[in-house]
Amino acid sequence: MTDTADIPQSYEPTLGDYFALLKPRVMSLVVFTAFVGLMAAPTSLSVVESFCAVLFIAIGAGASGALNMWWDADIDAVMRRTAGRPIPSGRVDPEDALYIGVALSGLSVVMLGLATNLFAAAFLAFTIFFYAVIYSMWLKRSTPQNIVIGGAAGAFPPVIGWVCATGTAPLEAWLMFALIFLWTPPHFWALALFMRSDYDDAGVPMLTVTHGRRFTRVNILCYTIILAAFAIAAAFTGLGGPVYLIVALVLNALFLKGAVDIWRRDETMSEADNFLTERSFFKLSLLYLFAHFGAILIDAVFFSTVLASWSIL
Amino acid sequence: MKVEHELHQRRRGRNIGVGLLLAAFIGLIFALTVAKVTSESFQLPNIEQGAGE
């Protein structure tokens, strides 16, 4: 509430305030994973088409972010992590956020359809709907599995990228989907562990609130084991390659160790060092996703060219 | 007067920004069009057959 009082009545939102509605940090992840999906696909688009594809997927993701901020303004105002967002801080009118979200959703879907193909546009439309309606409006406030199901929304961009290039969504595209999908729960539950009072205050049924923090630690470990098994196995599919295999082996070992450390600790230990292990696990999770997709990109771009030149010889 | 002035200043920044974004969007559509019509797979739609479909 103090934040709102700081903003004068006549405050004129800047372009930067509107840009903040699009969740730029989430968008950067979307840009990267969509780009990898696009490049990993066997057929390639022209440079301009690829640029348009990634741009409109990113705008679509930003639009769903704006819709999420419009809907969740009441929760965001309570949580320390999100109280500075444009709507709870009073910089942007909630209705403006709604209009921007709807307008950019339409624009991004239509433009992606024109730039690439209708299947990709339909996928993007579904993703926006899934994140804004199914996750934000429905599941987030009603089930402690919100993170698990909401993770699907974040997992769609590489699939859309792939569909942009080929018009189809084969197994390899869904492997990338599964990688993000399985990664999301440990990533967010680690955050929930060290941002503890936030979700309690806001009344969001995070696993930490509904089933306790011990249970959350066990769940982080379970999901990490499934994720690690899956991520390493994916190295032996069409998606994998030598770089991916090395990255997967190293990072999954580190990630598993982090998850076991979190599982071994209790609240007194965590409070003693201000959630040091949980925080470093969260940071590692960001590197984890970035490195896996970077490896997929390197294998797809570099090794496919090398192999192609070998087959010519 | 000073408050008014500042308000206009801030709005002007936003308006210029929106103008630049629109100009960039127009440029992008143009580039996309050029990329599409110069690609090898490009065909002009057959108007006589297309009308029946």
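Reading guide: rules and limits
- Each chain carries its own residue numbering, running from 1 in the written order of its sequence.
- Labels are handed out in written order, letters beginning with A for the chains and numbers beginning with 1 for the ligands.
- It should be noted that, the model being predicted, local features are given only for residues of pLDDT at least 70 and side-chain atom pairs only at 80 or more, the latter also being counted only at that level, while totals for whole chains, interfaces and linings use all residues.
- Secondary structure elements are taken from DSSP: a helix is a run of H or I of four residues or more, a strand is a run of E of two residues or more, and numbering for both begins at the N terminus.
- Each residue is classified by how many other C-beta atoms fall within 10 Å of its C-beta atom, where C-beta atoms are placed from the backbone; a count of 20 or more means buried, 12 or fewer means exposed, and values in between mean partly exposed.
- Once C-beta atoms are placed from the backbone, any two residues with those atoms within 7 Å are in contact.
- Axes here mean lines fitted to C-alpha atoms, for a helix over just the part in contact, with angles spanning 0 to 180 degrees between N-to-C directions.
- When describing relative orientation, an angle under 35 degrees is termed roughly parallel and one over 145 degrees roughly antiparallel, while 65 to 115 degrees is termed roughly perpendicular and anything else oblique.
- Two helices cross in a left-handed way if the nearer one is turned anticlockwise from the farther one by less than a right angle. They cross in a right-handed way if the turn is clockwise.
- Only Asp, Glu, Lys and Arg are considered charged, only Ala, Val, Leu, Ile, Met, Phe, Trp, Tyr, Cys and Pro nonpolar, and every remaining residue, Gly among them, polar.
- For every residue, the predictor states its confidence as a pLDDT score lying anywhere from 0 to 100.
- Buried Ala, Val, Leu, Ile, Met, Phe, Trp, Tyr and Cys residues whose C-beta atoms connect them within 7 Å together make up a nonpolar core.
- Axes are fitted to the seven residues ending at a residue and to the seven starting at it; the angle between these axes is taken as the bend at that residue.

Asker: Would you mind showing me how to read the overall build of chain B here?
Answerer: When helices and strands are counted, chain B shows two helices and zero strands. Taken across its 53 residues, chain B has 0% of its residues classed as buried.

Asker: How do you make sense of the overall build of chain A when you look at a structure like this?
Answerer: Each helix and strand counted, chain A has 15 helices and zero strands in total. Its C-alpha atoms put chain A at 70 × 50 × 30 Å along the principal axes. Across the 313 residues that make up chain A, the buried fraction comes to 47%. Contacts in chain A between residues at least 24 apart in sequence constitute 75% of all its contacts with a sequence separation of at least 6.

Asker: Help me understand the environment of A:Arg214 in this model?
Answerer: Residues and elements named next belong to chain A. Tracing the chain through its elements places Arg-214 in helix 12 (residues 213–233). Note on Arg-214: 12 C-beta atoms within 10 Å, which makes it exposed. The spatial distance from the C-alpha of Arg-214 to the C-alpha of Phe-126 is 35 Å, given a sequence separation of 88 residues.

Asker: Teacher, can you tell me more about the environment of B:Arg11 here?
Answerer: Within the secondary structure layout, B:Arg11 lies in helix 1 (residues 2–37). Sequence separation between B:Arg11 and B:Val34 is 23 residues; the distance between their C-alpha atoms is 35 Å.

Asker: I tried to follow the packing of helix 9 (residues 171–194) of chain A against helix 12 of chain A on my own but got confused; where do I start?
Answerer: In a pair of packed helices, the angle between the axes and the distance between the axes together describe the arrangement. Residue and element names in this part refer to chain A. Running from N to C, helix 9 and helix 12 cross one another at 155°; their axes reach a closest spacing of 9 Å. For the element pair helix 9 / helix 12, the angle class is roughly antiparallel. The way helix 9 lies across helix 12 gives a crossing that is left-handed. Every residue of helix 12 that contacts helix 9 at Ala-178, Leu-179, Leu-182, Trp-183, Pro-185, Pro-186, Trp-189, Ala-190, Ala-192 and Leu-193 is listed here: Arg-213, Thr-216, Asn-219, Ile-220, Tyr-223, Thr-224, Ile-226, Leu-227, Phe-230 and Ala-231. Partitioning the contact of helix 9 with helix 12 into residue classes produces 16 nonpolar, three polar and one charged.

Asker: Would you mind going over the interface of chain A and chain B with me for this structure?
Answerer: Counting residues at the interface gives nine residues for chain A and 11 residues for chain B. The biggest single contributor to the side of chain A that touches chain B is helix 4 (residues 47–71) of chain A, with three residues. Its residues assigned to classes, the side of chain A that touches chain B comprises four nonpolar, three polar and two charged.

Asker: Quick question: what am I supposed to make of the confidence of the model for chain B here?
Answerer: One rule of thumb: low pLDDT means the predicted coordinates there are not for detailed reading. In the predicted model, chain B carries a mean pLDDT of 80, and the fraction of residues at 70 or more is 75%. Under the prediction, the complex receives an ipTM of 0.79, its pTM being 0.87.

Asker: Looking at this structure, I do not really get the nonpolar core. What am I missing?
Answerer: All names here are of chain A. Membership of the largest hydrophobic core comes to 97 residues, with the highest contact counts inside it found for Leu-38, Ala-53, Ile-57, Ala-66, Leu-112 and Ile-160. When residues of this core are assigned to their parent elements, the largest contribution, 15 residues, is made by helix 9. Discounting chain neighbours no more than four positions away, the residues touching Leu-38 are Ser-50, Ala-53, Val-54, Gly-161, Trp-162, Cys-164 and Ala-165.

Asker: Honestly, unusual backbone geometry in this entry has me stumped. Any pointers?
Answerer: Negative phi values dominate among residues other than glycine, just as trans dominates among peptide bonds. Residue and element names in this part refer to chain A. Positive phi outside glycine occurs at Lys-23, with the angle close to 50°. Considering the arrangement of structural elements, one finds Lys-23 in the loop between helix 2 (15–20) and helix 3 (24–40). Positioned with a positive phi, Phe-275 is a non-glycine residue whose angle comes to about 60°. Along the chain, Phe-275 turns up in the loop between helix 14 (267–272) and helix 15 (276–312).

Asker: What exactly am I supposed to notice about the packing of helix 12 of chain A against helix 13 (residues 242–264) of chain A here?
Answerer: Residue and element names in this part refer to chain A. Interhelical geometry of helix 12 versus helix 13 gives an angle of 170° and a closest axis separation of 9 Å. The angle between helix 12 and helix 13 places the two elements in the roughly antiparallel class. In the crossing of helix 12 with helix 13, the sense of the turn from one axis to the other is left-handed. From helix 12, Arg-217, Val-218, Ile-220, Leu-221, Thr-224, Ala-228, Ala-231 and Ile-232 reach across to helix 13, where they touch Ala-248, Leu-249, Asn-252, Phe-255, Leu-256, Ala-259, Val-260, Ile-262 and Trp-263. The residue inventory of the contact of helix 12 with helix 13, partitioned by class, reads 14 nonpolar, two polar and one charged.

Asker: Could you clarify how one ought to interpret helix 7 (residues 118–139) of chain A in this entry?
Answerer: Quick reminder: α-helices carry 3.6 residues per turn. Residues three or four places apart thus point the same way. Along helix 7 of chain A, the sharpest kink reaches roughly 35°, centred on A:Phe130. Within the sequence span of helix 7 of chain A, burial applies to A:Ala120, A:Ala121, A:Phe123, A:Leu124, A:Thr127, A:Ile128, A:Tyr131, A:Ala132, A:Tyr135 and A:Ser136.

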